[in-house]
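Notes for the structure review
This is what each chain is made of:
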Amino acid sequence: MEPSSLGFCRGAVNDNRDNRARLLHAATDLFARQGFHATGMSDLEQATGLGRSSLYHYFASKEALLVAIVQRCLGQLVMFGERLLEEERDSETRLRRFSRAVVGGIAERPSELRVCVHERHVFTGDHRHRVAGFYQEYERIWARILAAGHADGVFRNADGVTVTAVMGMHHQAWSGAGRPGDPDLLADRFCDLLLAGLREPPVRPL
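All of the points below concern the structure found in this document. As the structure is a computational prediction, the values presented were derived from the model and not from experiment. Every chain is numbered on its own, with residues counted from 1 as its sequence reads. Totals for whole chains, interfaces and linings use every residue, but because this is a predicted model, local features are given only for residues with pLDDT of at least 70 and side-chain atom pairs only at 80 or more, for both listing and counting. Only hydrogens and water are removed before side-chain values are computed, so all heavy atoms of the structure are retained for them.

1. Structural notes on the overall build of the chain
We count it as follows: Strands are runs of DSSP state E lasting at least two residues, helices are runs of H or I lasting at least four, and both sets are numbered from the N terminus onward. We call two residues in contact whenever any of their non-hydrogen atoms come within 4.5 Å of each other. Only the protein chains shown count as cover for residues, with accessible areas throughout obtained via the Shrake-Rupley method and a probe of 1.4 Å.
Per the secondary structure count, the chain includes 9 helices and 0 strands. Starting at the N terminus, the α and β elements of the chain follow one another as α-α-α-α-α-α-α-α-α. Looking at the chain alone, contacts between residues at least 24 apart form 73% of all its contacts between residues at least 6 apart. Accessible surface for the chain amounts to roughly 11,600 Å². Of this, 52% is attributable to carbon and sulfur atoms.

This is the structure we're talking about:
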């Protein structure tokens, strides 16, 4: 292939990536502000400057676009959690670092995280099963972090109720009520409260 042809191919690939990223960004913003069902393809056309055929070139349906948003959002957290479980040996530090990642993600990408929470029940058919898998992977990261701390003798409990409570506390960051400006401070406050109840009490000498 001639050098000029190679340059054209690279340019086309970059354009495709840019258009896809622009579409994901616009859809995330619209879904967060208007809701999934209230957002039409005409809204996406107007927001991106792409024609209807171009929109369907990147995603077969509006629901497929929503799947991609959830996958990107939760996938980043799952990958970070997997790395923490492999590399971080201190149970409390592991919890704090993942907490900061979750709350930091909410602060940096509030629209994306809002869509993940509020639009999780709109999926149908194969999309529903696929997205359920994303949420299960994310929940398993929290469960594994708590279970690892329990196995280390640091946390007193790691059952389903505890996992749900820990996740629920973090997901309240979506509401924004009373949230401090620094997301790390909020994550640390969450963990201070959690660890007060999670830590195994010290063994008293007889």
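2. Overview of the side chain of Glu88
So the rule is basically this: Polar contacts, as used here, are pairs of N or O atoms within 3.5 Å; protein pairs need one atom able to donate a hydrogen and one able to accept it. Residues neighboring in sequence count only if both atoms are side-chain atoms.
Examined against the element boundaries, Glu88 turns out to sit in the loop between α4 (62-87) and α5 (91-108). At 3.1 Å, the side chain of Glu88 forms a polar contact with the backbone nitrogen of Asp90. Discounting residues that sit within four places of it in the chain, Glu88 has contacts with Arg83, Thr93, Arg94 and Arg97.

3. Description of the pattern of salt bridges
Heads up, the rule is: Every case where a carboxyl oxygen of Asp or Glu lies within 4 Å of a side-chain nitrogen of Lys or Arg is listed as a salt bridge. Buried, partly exposed and exposed residues are distinguished by accessible area as a fraction of the type maximum, computed with a 1.4 Å probe on protein chains only: under 20%, between the cut-offs, and over 50%, respectively.
Summed over the entire model, instances satisfying the criterion amount to 12 salt bridges. Residues Glu45 and Arg52 are paired through a salt bridge, measuring 2.8 Å at the closest nitrogen-oxygen approach. Its relative accessible area of 22% is what places Glu45 among the partly exposed residues. Arg109 is paired through a salt bridge with Glu112; the nearest N and O atoms lie 2.8 Å apart. You can call Glu112 buried: its relative accessible area is 5%. Salt bridges sharing common partners tie together Arg96, Arg100, Asp184, Asp188 and Asp192.

4. Some thoughts on the packing of α5 against helix α7 (residues 125-151)
For clarity, the threshold we go by: Fitted lines through C-alpha atoms serve as axes, helices being fitted only where they are in contact, and the angles separating the N-to-C directions of these axes extend from 0 to 180 degrees. Angles below 35 degrees are treated as roughly parallel, those above 145 as roughly antiparallel, those between 65 and 115 as roughly perpendicular, and all remaining angles as oblique. Here a crossing is called left-handed whenever its near helix is offset anticlockwise from the far helix by less than a right angle, and right-handed whenever the offset is clockwise. Amino acids outside the nonpolar list (Ala, Val, Leu, Ile, Met, Phe, Trp, Tyr, Cys, Pro) and the charged list (Asp, Glu, Lys, Arg) are all regarded as polar, and Gly is one of them.
Between α5 and α7, the least distance of the axes is 9 Å, while the angle of their chain directions is 160°. By the criterion of interaxial angle, the relationship of α5 to α7 is roughly antiparallel. The hand of the α5/α7 crossing is left-handed. Contacts between α5 and α7 involve Ser91, Arg94, Leu95, Phe98, Ser99 and Val102 on the former and, on the latter, Tyr138, Ile141, Trp142, Ile145, Leu146, Ala148 and Gly149. Among the residues making up the contact of α5 with α7, the classes are represented as 9 nonpolar, 3 polar and 1 charged.

5. Focus: the nonpolar core
Keep this limit in mind: What we call a nonpolar core is a set of buried Ala, Val, Leu, Ile, Met, Phe, Trp, Tyr and Cys residues that are connected through their side-chain atoms within 4.5 Å.
Core analysis: the largest hydrophobic core is formed by 52 residues, its most contacted members being Leu95, Phe98, Tyr138 and Trp142. Per-element accounting of this core gives the leading share, 14 residues, to α4.

6. A short note on α7
Note the threshold: Any helix carries an expected span of 1.5 Å times its number of residues minus one.
In this model α7 runs 38 Å from its N-terminal to its C-terminal C-alpha over 27 residues, within 8% of the 39 Å that 1.5 Å per residue would give. Within the span of α7, buried status applies to Val131, Gly133, Phe134, Tyr135, Tyr138, Ile141, Trp142, Ile145, Leu146 and Gly149. Summarising the contacts, the buried residues of α7 are in contact with α4, α5, α6 (110-118), α8 (160-171) and α9 (183-198). Phi turns positive, to about 80°, at Gly153, one or two residues after α7.

7. Section: the environment of Ala26
Examined against the element boundaries, Ala26 turns out to sit in helix α1 (residues 3-34). Overall, Ala26 belongs to the buried group, its relative accessible area being 9%. What Ala26 contacts, discounting residues up to four positions off in sequence, is Ala47 and Thr48.

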